[in-house]
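# Tertiary structure, described
Listed below, chain by chain, are the residues.
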Amino acid sequence: MTAARPTAPTDRPPLGLRERKKIKTREAIRTATYALVEEQGYDATTIEQIADRAEVSPSTVFRYFPTKEDIVLTDEYDPILLEELRARPADEPWPDTIRYVLRKAVRTGIEEDLEVARLRTHLMVQVPAVRSRMMESMSVTGRMLCTAIGERTGRDPGSLEVRVWAMSLVGGLMETSLYWAENDHRDDFAELVDRTLDVLQHGLPKETAEHTP
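Residues numbered from 1 in each chain as written. Predicted model: local features only at pLDDT ≥ 70, side-chain atom pairs only at ≥ 80, totals over all residues. Heavy atoms only, no water.

So, on to the pattern of salt bridges. Opposite charge on two side chains makes pairing possible when the charged atoms of those side chains draw close. For the coordinates displayed, the defined rule picks out 13 salt bridges. Across the salt bridge formed by R86 and E151, the nearest N and O atoms sit 2.7 Å from each other. Placement of R86 in helix α5 (residues 77–87) and of E151 in helix α8 (residues 128–153) is noted, with a sequence separation of 65 residues between them. Judged by its relative accessible area of 46%, R86 is partly exposed. Bridged by salt links that share partners, the residues R99, R103, D194 and D198 form one connected network. (Salt bridge = Lys/Arg side-chain N within 4 Å of Asp/Glu carboxyl O. Helix = DSSP H or I, 4+ residues; strand = E, 2+ residues; numbered from the N terminus. Buried < 20%, exposed > 50% of the residue type's maximum accessible area, 1.4 Å probe, protein only.)

In this section: helix α10 (residues 189–202). With 14 residues, α10 should cover 20 Å at 1.5 Å per step; its first-to-last C-alpha distance of 20 Å lies within 8% of that length. Of the positions making up α10, those classed as buried are F189, A190, L192, V193, D194, T196 and L197. Looking at the buried positions of α10, the neighbouring elements they touch are α6 (94–112) and α9 (160–182). Sitting at the head of α10, D188 places a side-chain oxygen 3.1 Å from the backbone nitrogen of A190. Two residues or fewer after α10 comes G203, characterised by a positive phi angle close to 90°. (Expected span 1.5 Å × (residues − 1). Contact = heavy atoms within 4.5 Å. Polar contact = N/O pair within 3.5 Å; in protein donor to acceptor, adjacent residues only side chain to side chain.)

Quick look at the structure:
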């Protein structure tokens with residue numbers, strides 16, 4: 001996911017010391033990267049500068065993030081998103097489940113750090129390497145969604161239909177993030193996500209179809 005940051009379920013067990021240290025280190029690297037990018041631009045920011053600002057070694061940066069693009073794009077939230085999906089009532093229609101979880105994720109993410117969400121999506125638009133890496137990472141989120149769909153619906157998560165739907169959702173959310181950034185983040189991102197889900201669930205609105213050449 002890009003701009004969204006779902007919260008962990010309230011009954012999630014607390015993390016151990018080692019895991020907390022890992023998350024703290026990852027967050028320090030991300031924070032250093034965001035600050036440097038805002039100060040001097042993405043291309044001018046080096047791994048060595050990031051490591052120095054985060055007070056870790058360059059090898060530690062690479063251990064957590066294989067590329068600079070991954071620092072911008074990677075977060076801890078795909079597994080949490082899967083937990084949120086699993087926590088919804090078993091008899092809830094799948095479109096309603098997706099809409100509920102994404103609304104919660106988007107509201108939380110935007111409220112927690114609007115500037116980071118804007119920076120990440122801005123870089124997706126402005127930096128081809130970031131956008132390319134985002135497209136590569138979509139397959140990971142897509143496979144996670146396939147698993148969730150299979151668990152909820154009883155369908156084969158590897159079936160063509162499930163894979164197409166999952167990747168349509170992931171691709172739609174990426175385009176939503178790009179649209180938000182391309183339009184100077186003027187729109188309410190949660191409303192854009194709602195529009196995206198409407199298209200996936202119901203197809204193109206009539207007025208849009210009528211104006212299509």
